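Here is how the chains run, residue by residue.
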Amino acid sequence: VADAKFGMPEAKWGFIPSQILPFVVGRIGQGAARAMVITGRIARGEEAFRLGIAHELANDTGDLQAKLDRAVADALLSAPHALATAKTLVRLAPTRSPEETLQDAAEHLVHLLRQPEAQEGITAFLGKRKPSWAVE
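Only a predicted model underlies this, so the values are computations on that prediction, with no experimental measurement involved.

**Q** Before we go on, may I ask you to explain the side chain of Glu120 in this structure?
**A** Inspection of the secondary structure puts Glu120 in helix α7 (residues 116-126). Within polar-contact distance, the side chain of Glu120 engages the side chain of Arg129 at 2.9 Å. Apart from the residues within four sequence positions on either side, Glu120 is in contact with Arg129, Lys130, Pro131, Ser132 and Trp133.

Structural data, given as structure tokens:
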């Protein structure tokens, strides 16, 4: 929400944001993270959204809950094993070359296509129906 606050002012108090720092750097980049750490400045909701700290910007808590409910509903439409595999590939991609990522993704795809989950998904797609795991 617009009045949310995010910052890393720990250095002002004699310590560091040790546990969140690598995740924040990965999310907003080294330059923006460095500026936040050095200045200890607190970002409000709109700036956090602009920096990529947040995926959504809500008008109020009701709008926030509606956006959260929609995100959960969207996630529940995905096949569990395919989603877990895709999340792993996304997480590892920055640490690998594009070629390594493509090779790993191809191997996972072949494995997933041989599983009942993919067969159900393909059958559902061709039958123009929702797959069995899709929760609504």
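Further notes follow.
**Q** Looking at this structure, I do not really get the packing of helix α1 (residues 21-28) against helix α2 (residues 30-39). What am I missing?
**A** Geometrically, a packed helix pair is captured by the angle between its two axes and the distance between the axes. Between α1 and α2, whose axes approach to 7 Å, the crossing angle comes to 130°. Relative to α2, α1 is oriented oblique. In contact with Leu21, Val24, Val25 and Ile28 of α1, α2 contributes Gln30, Ala32, Ala33, Met36 and Val37. Of the residues belonging to the contact of α1 with α2, the class tally is eight nonpolar, one polar and no charged.

Definitions and cut-offs
- Residues numbered from 1 in each chain as written.
- Predicted model: local features only at pLDDT ≥ 70, side-chain atom pairs only at ≥ 80, totals over all residues.
- Heavy atoms only, no water.
- Helix = DSSP H or I, 4+ residues; strand = E, 2+ residues; numbered from the N terminus.
- Polar contact = N/O pair within 3.5 Å; in protein donor to acceptor, adjacent residues only side chain to side chain.
- Contact = heavy atoms within 4.5 Å.
- Axes fitted to C-alpha atoms, helices over the stretch in contact; angles between N-to-C directions.
- Parallel < 35°, antiparallel > 145°, perpendicular 65-115°, else oblique.
- Nonpolar A, V, L, I, M, F, W, Y, C, P; charged D, E, K, R; others polar.

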